[in-house]
Amino acid sequence: MTDSKYFTTTKKGEIFELKAELNSDKKEKKKEAVKKVIASMTVGKDVSALFPDVVNCMQTDNLELKKLVYLYLMNYAKSQPDMAIMAVNTFVKDCEDPNPLIRALAVRTMGCIRVDKITEYLCEPLRKCLKDEDPYVRKTAAVCVAKLHDINAQLVEDQGFLDTLKDLISDSNPMVVANAVAALSEIAESHPSSNLLDLNPQSINKLLTALNECTEWGQIFILDCLANYTPKDDREAQSICERVTPRLSHANSAVVLSAVKVLMKFMEMLSKDLDYYGTLLKKLAPPLVTLLSAEPELQYVALRNINLIVQKRPEILKHEMKVFFVKYNDPIYVKLEKLDIMIRLASQANIAQVLAELKEYATEVDVDFVRKAVRAIGRCAIKVEQSAERCVSTLLDLIQTKVNYVVQEAIVVIKDIFRKYPNKYESVIATLCENLDSLDEPEARAAMIWIVGEYAERIDNADELLESFLEGFHDESTQVQLQLLTAIVKLFLKKPTETQELVQQVLSLATQDSDNPDLRDRGYIYWRLLSTDPVAAKEVVLAEKPLISEETDLIEPTLLDELICYIGTLASVYHKPPSAFVEGGRGVVHKSLPPRTASSESTESPETAPAGAPSSEQPDVIPTQGDLLGDLLNLDLGPPVSGPPLATSSVQMGAVDLLGGGLDSLIGGPNFVAPPAAAVPANLGASMGSGLSDLFDLTSGVGTLSGSYVAPKAVWLPAMKAKGLEISGTFTRQVGSISMDLQLTNKALQVMTDFAIQFNRNSFGLAPAAPLQVHAPLSPNQTVEISLPLNTVGSVMKMEPLNNLQVAVKNNIDVFYFSTLYPLHILFVEDGKMDRQMFLATWKDIPNENEAQFQIRDCPLNAEAVSSRLQSSNIFTVAKRNVEGQDMLYQSLKLTNGIWVLAELRIQPGNPSSLLLQLSLKCRAPEVSQHVYQAYETILKN
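The residue numbers shown here count from 1 along each chain, following its written sequence. A pLDDT threshold of at least 70 governs which residues receive local features in this predicted model, and a stricter bar of 80 or more applies before side-chain atom pairs are shown or counted, although totals over entire chains, interfaces and linings include all residues. To obtain the side-chain values, all non-hydrogen atoms of the structure were included, while hydrogens and water were left out.

> Teacher, can you tell me more about the overall build of the protein here?
By definition, any uninterrupted DSSP run of H or I lasting at least four residues is a helix, any uninterrupted run of E lasting at least two residues is a strand, and each is numbered from the N terminus. From N to C terminus, the protein includes 40 helices and 13 strands. Classification of residues uses two cut-offs on accessible area relative to the type maximum, computed with a 1.4 Å probe and protein chains only: under 20% is buried, over 50% is exposed, and between them is partly exposed. Here the protein, with 942 residues, has 53% of them falling under the buried criterion. Residue contacts are counted whenever heavy atoms from the two residues lie within 4.5 Å of one another. Taking all contacts inside the protein whose residues are at least 6 apart in sequence as the whole, residues at least 24 apart take part in 69%. Per-residue and other accessible areas were derived by the Shrake-Rupley procedure at a 1.4 Å probe size, with only the shown protein chains allowed to occlude residues. Carbon and sulfur atoms provide 51% of the accessible area of the protein, an area that totals close to 42,400 Å².

Dropping the structure here:
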């Protein structure tokens with residue numbers, strides 16, 4: 001008969017019967033009684049009254065009975081600490097038993113009895129077991145040290161158990177090594193500063209040797225320990241990777257993920273040029289794919305980890321798109337995760353396949369999944385430009401299905417496509433307007449209203465459409481109300497005569513009849529703008545919008561690096577660091593990927609510059625914040641901020657606090673003290689932000705005295721717009737210093753004083769390096785010329801166009817605003833000459849799609865004169881050759897924020913007075929190419 005019979009009795013007076021049976025002389029009866037006690041304990045009955053009787057049964061040779069008694073002891077020792085001391089003697093005896101299983105059982109139970117009174121009695125038996133001849137006892141004792149440390153850390157340290165544990169890492173038995181590592185890791189996590197696992201190449205070698213022979217959980221402990229080690233150079237990293245790679249073919253998915261974690265971490269230290277790096281990438285794909293054939297729960301964990309891996313290194317799985325296609329019987333949580341990874345892996349090569357699949361998903365029955373699939377089609381359009389047209393036609397097909405939730409999601413994503421590709425797909429607006437009546441979700445209604453407002457001039461009945469939304473204004477959600485307010489104001493600015501009543505109605509609803517502060521404030525801003533200065537209103541409301549970025553849901557890079565260090569743990573499933581969900585700070589260590597070593601950095605391409613340096617792949621120019629013309633409106637201007645530059649503000653865009661210290665930092669508030677006007681160091685512009693300088697040979701071409709081309713002064717602010725103040729100016733760069741040369745003319749009838757100047761945030765952080773000093777009052781009809789030194793350590797924000805500079809000038813009469821375009825060559829720095837090898841490597845490394853071609857016609861200069869003219873503006877010729885009668889110049893230049901631009905200039909033979917120049921530019925930030933070409937043209941033709 002099975003042991004289930006012990007769980008079926010519920011007699012009264014049972015405790016007395018058990019007591020009698022426990023004290024019986026017959027061994028079998030004793031054993032039966034203990035089983036009944038354990039059964040009662042398991043179902044929750046209180047059998048603690050039998051404690052002394054059960055403890056008496058410990059004195060036995062029967063292993064099964066001893067196990068049962070120890071189980072009882074673990075459960076009740078805490079509630080009966082005085083009684084538990086009775087068992088200590090037996091523990092000490094059992095730790096010297098000839099049977100290693102009993103020795104191990106005793107030491108394991110000792111670790112589980114969390115009673116302070118007993119722990120000190122257990123030190124001696126534990127010490128013996130740690131040095132036991134049998135590896136099974138040693139491995140059990142190793143774990144016991146961690147348990148004891150949790151109860152009384154001081155006792156463990158005083159008794160020297162930690163040193164014994166460290167010695168066990170060199171044990172001959174792999175399981176003992178694994179348990180010693182597990183115990184030390186556990187202790188180190190609760191005491192992060194203790195540096196217990198002081199790993200060195202020798203101990204790492206021992207761990208790697210043990211790795212091949214221990215059990216799967218032992219392997220996981222060792223791999224997790226290896227992941228916390230930082231190799232001294234790329235050779236050691238490669239050696240460890242080679243020995244860990246066989247674990248990728250293990251049957252246990254936890255072992256596989258732990259191995260992937262180690263490899264992902266150490267790959268950071270390997271140069272991309274190594275053959276081994278490519279081999280490793282190929283080896284990582286099959287095990288990850290294999291994980292997806294497990295049961296759904298394991299698949300989900302694998303997919304969450306793969307999501308992180310794909311964000312860090314998409315090249316690993318770029319050819320494995322098919323395994324992420326959804327199966328009909330996948331649970332919804334697996335489907336949604338696969339969909340997310342499909343979009344991350346979508347590229348020009350596989351987009352047709354992906355779109356066909358997504359279109360299929362959009363006809364599924366699961367509403368949540370269908371919504372996500374429709375969104376995914378929109379994300380593909382934004383990510384892969386070549387597929388945008390096909391995506392839009394797919395979305396239109398889906399709209400024709402007239403399935404309500406499909407139509408609504410399609411409209412939301414089409415709005416994003418309009419933002420990414422303006423003036424390209426507006427022909428579909430008519431189809432969208434046909435579905436207006438079926439929209440009932442706030443996000444879809446808001447998207448449709450945005451489309452109507454944005455393209456009001458193309459929609460004949462835009463006013464009627466918006467009026468239909470206005471009828472139920474107070475029943476709409478805040479999102480829809482805000483969008484409706486903005487759309488009607490846009491409509492009014494485009495068709496003022498026809499929509500005056502409509503705009504008054506919406507402003508009244510938003511300001512007087514609404515209790516939502518956001519809506520009221522926006523209403524008042526629009527009302528005041530429209531009533532005081534419709535031109536300014538037009539510039540603000542109808543300003544050109546920045547294009548939306550490809551991937552909006554990527555994990556922030558530093559967090560991603562930390563999560564890569566936690567692959568295979570809960571953190572990688574939550575996509576949050578442990579500190580976000582582990583209560584209390586104990587046991588949470590912030591991890592990060594290892595820095596690149598010197599030997600790999602020297603051969604590294606700029607694309608994989610170390611995390612600390614700003615690589616040219618994410619140039620400082622590109623934070624997509626809105627155009628902040630409004631920042632400068634109605635602000636009292638103080639002297640410019642020209643204190644010591646914060647390295648983070650211009651170098652590392654991720655760290656910029658866009659609101660700084662409120663407006664004080666932007667404008668100079670009450671606590672702002674203007675520093676003395678000091679000259680800027682000559683090469684400040686060059687030194688700030690040139691994070692790539694350590695990768696390039698900059699010995700040649702440094703410190704060249706250059707006088708770059710200066711454009712003639714142009715009128716920036718006419719007198720009629722500035723109450724009599726006329727401002728003309730130009731920009732210059734001389735010996736590393738940038739200046740704004742201004743000419744101020746007073747055409748008013750009163751004296752002008754108290755001049756100050758301020759720049760809005762701009763693409764390259766241009767800012768005044770000193771206050772605007774007009775030494776004497778400016779009398780009527782008087783002109784004064786001033787050279788204002790500039791630096792490039794101001795706040796950075798991408799402008800449209802890139803070289804747009806918005807300026808505010810204040811005097812005793814008013815504050816005046818104007819914007820001007822600065823020539824990009826004032827930002828070309830003096831150390832922009834690259835050596836030949838680096839030029840060649842960088843040119844190959846920059847993707848071909850980043851190359852832009854231009855023509856410069858009617859240039860009257862030969863190759864020598866072109867090279868000399870460009871060098872005076874810091875465009876350096878790296879090499880020159882003649883191919884079939886054509887002169888080829890290879891040139892490099894560097895911008896103040898560390899972005900390199902490489903050029904190939906081909907001079908066609910022909911009439912010397914009108915040569916044709918072919919210019920090819922390559923750069924990691926392709927948006928600067930057009931402006932660099934304009935700089936070339938300006939310099940060569942003037």
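Having seen the model, we can carry on.
> Would you take a moment to explain the confidence of the model for the protein for this structure?
Low pLDDT means the predicted coordinates in that region are not meant to be read closely. The pLDDT score gives, residue by residue, the confidence of the prediction method on a 0 to 100 scale. For the protein, the average pLDDT comes to 79, and 84% of its residues sit at 70 or higher. Across residues 598-706, where pLDDT falls below 50, the model places 219 contacts with residues more than four positions away in sequence or in other chains.

> Any chance you could explain the environment of Phe759 here in plain terms?
Mapped onto the elements, Phe759 comes out in strand 4 (residues 756-759). Taking the C-alpha atoms as reference points, Phe759 and Leu805, 46 residues apart in sequence, are found 7.2 Å from one another.

> When you look at the sheet that holds strand 1 (residues 714-717) in this model, what are you seeing that I'm missing?
Taken in spatial order, the 5 strands line up as 1-2-3-6-5 in an open sheet, and their pairing is antiparallel. The open sheet has two edge strands, strand 1 and strand 5 (767-768), and neither has a second partner. Two strands form a pair only when DSSP identifies at least two bridges running between them. Of the pairings in the sheet, the one linking strand 2 (residues 725-734) to strand 3 (residues 737-746) comprises 10 bridges and is antiparallel in character. Within strand 3, the position partnered with Glu726 by the bridge is Thr745.

> Looking at this structure, I do not really get the sheet that holds strand 8 (residues 815-821). What am I missing?
Adjacent strands of a sheet form backbone hydrogen bonds with each other and so pair up, either parallel or antiparallel. Pairing is antiparallel in the open sheet, where 3 strands are placed in the order 4-7-8. Here the strands that pair on one side only, and so sit at the sheet edges, are strand 4 and strand 8. Across the sheet, the axes of successive neighbouring strands diverge by a mean angle of 25°, strand direction being ignored. Bridging between strand 7 (residues 804-810) and strand 8 involves 7 bridges; their strand directions are antiparallel. Note on strand 8: the bridge partner recorded for Leu805 is Thr820. Where helices are involved, their axes are fitted lines through C-alpha atoms of the stretch in contact, as for all axes, and angles between N-to-C directions lie from 0 to 180°.

> I would appreciate a short explanation of the packing of helix 15 (residues 216-227) against helix 17 (residues 253-267) in the present structure.
In a packed pair of helices, the relevant descriptors are the angle between the two axes and the axis-to-axis distance. Remark: helix 15 packs on helix 17, axes separated minimally by 9 Å, with the N-to-C direction vectors making an angle of 15°. With respect to their mutual orientation, helix 15 and helix 17 come out roughly parallel. Helix-helix and strand crossings are classified by hand; for helix 15 and helix 17 the assignment is left-handed. Every residue of helix 17 that contacts helix 15 at Glu216, Trp217, Gln219, Ile220, Leu223, Asp224, Leu226 and Ala227 is listed here: Ala254, Val255, Ser258, Ala259, Lys261, Val262, Lys265 and Phe266. Taken together, the residues of the contact of helix 15 with helix 17 sort by class into 10 nonpolar, 2 polar and 4 charged. Roughly parallel means an angle under 35 degrees; roughly antiparallel means over 145; roughly perpendicular covers 65 to 115; every other angle is labelled oblique. The crossing is said to be left-handed when, going from far helix to near helix, the turn is anticlockwise and less than a right angle, and right-handed when the turn is clockwise. Three residue categories are used. Nonpolar comprises Ala, Val, Leu, Ile, Met, Phe, Trp, Tyr, Cys and Pro, charged comprises Asp, Glu, Lys and Arg, and polar comprises the others, including Gly.

> Quick question: what am I supposed to make of helix 4 (residues 63-76) here?
Every α-helical turn comprises 3.6 residues, leaving residues that sit three or four positions apart pointing alike. For helix 4, built from 14 residues, the straight-helix expectation of 20 Å at 1.5 Å per residue is met to within 8% by its first-to-last C-alpha distance of 20 Å. Listed as buried for helix 4 are Leu65, Lys66, Leu68, Val69, Tyr70, Tyr72, Leu73 and Tyr76. Check the buried side of helix 4 and you find it contacts helix 2 (27-42), helix 3 (51-56), helix 6 (88-94) and helix 7 (100-112). Expected span of a helix, by definition, is 1.5 Å for each gap between consecutive residues, and there is one gap fewer than residues.

> I would appreciate a short explanation of the pairing of strand 2 in the present structure.
When you tally the buried positions in strand 2, you get 9 out of 10 residues, the bulk of the element. Note that strand 1 and strand 2 share 3 bridges and pair antiparallel. Note on strand 2: the bridge partner recorded for Val715 is Ser728. Where strand 2 hands over to strand 3, the hairpin turn is made up of 2 residues, of which Val735 adopts a positive phi near 45°.

> Is there a simple way to explain unusual backbone geometry in this structure?
Most of the time, phi is negative for any residue but glycine, and the peptide bond is trans. Omega for the peptide link from Glu800 to Pro801 comes to -5°, which places this bond in the cis form. The topology assignment puts Pro801 in the loop between strand 6 (783-791) and strand 7. If you check the backbone angles, Val735 has positive phi at about 45° while not being a glycine. Relative to the assigned elements, Val735 resides in the loop between strand 2 and strand 3. The phi dihedral of Asn781 falls on the positive side, at around 65°, and the residue is not glycine. With respect to the secondary-structure elements, Asn781 resides in the loop between strand 5 and strand 6.

> Mind showing me how you'd approach the packing of helix 29 (residues 500-511) against helix 30 (residues 517-532) here?
Where helix 29 contacts helix 30, the two axes come as close as 8 Å, and the packing angle between them is 140°. Classed by the angle they form, the pair helix 29 and helix 30 counts as oblique. The chirality of how helix 29 crosses helix 30 is left-handed. Along its contact with helix 29, which presents Val503, Leu507, Ser508, Ala510 and Thr511, the element helix 30 presents Leu519, Arg520, Gly523, Tyr524, Tyr526, Trp527 and Leu530. Considering only residue class, the contact of helix 29 with helix 30 consists of 8 nonpolar, 3 polar and 1 charged.

> I would appreciate a short explanation of the side chain of Asn179 in the present structure.
Tracing the sequence through the fold places Asn179 in helix 13 (residues 174-190). On the accessibility criterion, Asn179 (9% relative accessible area) is buried. Excluding residues that lie within four positions of it along the chain, Asn179 makes contacts with Lys139, Thr140, Ala142 and Val143.

> In this structure, what is going on with the nonpolar core? I would like to understand it.
Of all hydrophobic cores here, the largest spans 213 residues; its most connected members are Tyr72, Phe91, Leu126, Val244 and Phe418. Non-local contacts of Phe418, meaning those with residues more than four positions away in its chain, are made with Tyr425, Glu426, Val428, Ile429, Leu432, Trp450, Ile451 and Tyr455. Buried Ala, Val, Leu, Ile, Met, Phe, Trp, Tyr and Cys residues that are joined via side-chain atoms within 4.5 Å together make up what is termed a nonpolar core.

> I tried to follow the packing of aromatic side chains on my own but got confused; where do I start?
Any two aromatic rings considered together are summarised by their centre-to-centre distance and by the angle between their planes. Classification of ring pairs rests on two measures: the distance between centres of Phe, Tyr or Trp rings, Trp counted by its six-membered ring, which must be within 6.5 Å, and the angle between planes, read as stacked under 30 degrees, edge-to-face over 60 and tilted in between. Evaluation of the coordinates by the stated rule reveals 12 aromatic pairs. Look at Tyr574 and Phe581: their rings are 4.8 Å apart centre to centre, the planes differ by 85°, and that puts the pair in the edge-to-face class. Given a relative accessible area of 44%, Tyr574 falls into the partly exposed group. Pairwise contacts between aromatic rings join Trp716, Phe731, Phe818 and Tyr822 into one cluster.

> Would you mind going over helix 22 (residues 367-383) with me for this structure?
The end-to-end C-alpha separation of helix 22 is 24 Å, in line with the 24 Å expected for 17 residues at 1.5 Å each. Among the residues of helix 22, those classed as buried are Phe369, Val370, Arg371, Ala373, Val374, Ala376, Ile377, Gly378, Cys380, Ala381, Ile382 and Lys383. Where helix 22 is buried, its residues meet helix 20 (332-345), helix 21 (351-361), helix 23 (388-400) and helix 24 (404-420). Between N or O atoms, a polar contact is any pair within 3.5 Å; within protein, one atom must be a potential hydrogen donor and the other a potential acceptor, and residues adjacent in sequence are included only when both atoms are from side chains. The opening residue of helix 22 is Asp366, an N-cap whose side-chain oxygen sits 3.2 Å from the backbone nitrogen of Asp368.

> Where do I start with a negative patch on the surface in this structure?
The residues that make up patches have over 30% relative accessible area and no salt bridge, and they are joined within 9 Å when like-charged or within 5 Å when they are Val, Leu, Ile, Met, Phe, Trp or Tyr. The term salt bridge refers to a pairing of a side-chain nitrogen on Lys or Arg with a carboxyl oxygen on Asp or Glu at a separation within 4 Å. His is not counted, nor are the chain ends, whereas Lys and Arg count as positive and Asp and Glu as negative. Charged groups are reduced to one reference atom each: NZ for lysine, CZ for arginine, CG for aspartic acid, CD for glutamic acid. Taken together, the side chains of Glu464, Glu467, Glu471 and Glu501 define an acidic patch exposed on the protein surface. Note that Glu464 resides in helix 27 (residues 462-470).

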